[in-house]
Amino acid sequence: MELEGRPASERFSPHALRRACATHNYERGVDLVAIQQMLGHWTVSSTMRYVRPSATFIEDAYQRAVACTRAELTGKDSTA
């Protein structure tokens, strides 16, 4: 989309806004099925293509999973 001669890095489309909204909701904990219904997709697999979590979100989820698993294996509380 060509807008007033703006560089490509500043361009956006309705599709990009839709994807950003889906990702934002997913990263805030909204269920993927709820996002699917909000976007009007027939299948969750379509919705999964829209959601693009950030590297920070993925790293945080990984760290939480590791902490939880360690706590279960050692019998300690992971929230401490």
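Residues numbered from 1 in each chain as written. Predicted model: local features only at pLDDT ≥ 70, side-chain atom pairs only at ≥ 80, totals over all residues. Heavy atoms only, no water.

Engineer: Quick question: what am I supposed to make of the overall build of the chain here?
Structural biologist: The secondary structure content of the chain amounts to four helices and zero strands. Across the 80 residues in the chain, those meeting the buried criterion constitute 16%. Within the chain, contacts between residues separated by at least 24 positions form 38% of all contacts whose residues are at least 6 apart in sequence. Carbon together with sulfur atoms contributes 58% to the accessible area of the chain, which is approximately 6300 Å² in total. (Helix = DSSP H or I, 4+ residues; strand = E, 2+ residues; numbered from the N terminus. Buried < 20%, exposed > 50% of the residue type's maximum accessible area, 1.4 Å probe, protein only. Contact = heavy atoms within 4.5 Å. Areas by Shrake-Rupley, 256 points an atom, 1.4 Å probe, with all protein chains shown as cover.)

Engineer: Help me out: how do you make sense of the side chain of Thr23 in this one?
Structural biologist: Within the secondary structure, Thr23 is located in helix α1 (residues 14-27). Setting aside residues up to four positions removed in sequence, Thr23 forms contacts with Tyr50, Val51, Arg52 and Pro53.

Engineer: I'm lost on helix α4 (residues 55-74) in this one. Help?
Structural biologist: Helical geometry note: an α-helix holds 3.6 residues per turn, so side chains three or four residues apart project in the same direction. Across its 20 residues, α4 extends 28 Å between first and last C-alpha, which sits within 8% of the 28 Å expected from 1.5 Å per residue. Once α4 finishes, Gly75 follows within two positions and takes phi at roughly 80°, a positive value. (Expected span 1.5 Å × (residues − 1).)

Engineer: I keep staring at the pattern of salt bridges and nothing clicks. Help me out?
Structural biologist: Oppositely charged side chains can pair when the atoms bearing their charge come close. Scanning the entire structure with this criterion turns up one salt bridge. A salt bridge links Glu27 to Arg28; the nearest nitrogen and oxygen atoms lie 3.8 Å apart. Glu27 sits in the partly exposed class, given a relative accessible area of 23%. Exposure remark for Arg28: the relative accessible area of 55% places this residue in the exposed category. (Salt bridge = Lys/Arg side-chain N within 4 Å of Asp/Glu carboxyl O.)

Engineer: Please explain the packing of aromatic side chains as it appears in this structure.
Structural biologist: Any pair of aromatic rings gets described here by the distance separating the centres and the angle formed by the planes. With the rule as written, the count across this model stands at one aromatic pair. One cation-aromatic arrangement involves Arg19 over Tyr50; the distance from NZ or CZ to the ring centre is 5.5 Å. (Phe/Tyr/Trp six-rings, centres within 6.5 Å; stacked < 30°, edge-to-face > 60°. Lys NZ or Arg CZ within 6 Å of the ring centre and 35° of its normal.)

Engineer: So what exactly am I meant to see when it comes to α1 here?
Structural biologist: In this model, α1 (14 residues) spans 20 Å end to end at C-alpha, consistent with the 20 Å of a helix rising 1.5 Å per residue. In this structure, the buried side of α1 is in contact with α2 (32-39) and α3 (44-50). Of the residues flanking the end of α1, it is Gly29, one or two places downstream, whose phi is positive at about 100°.

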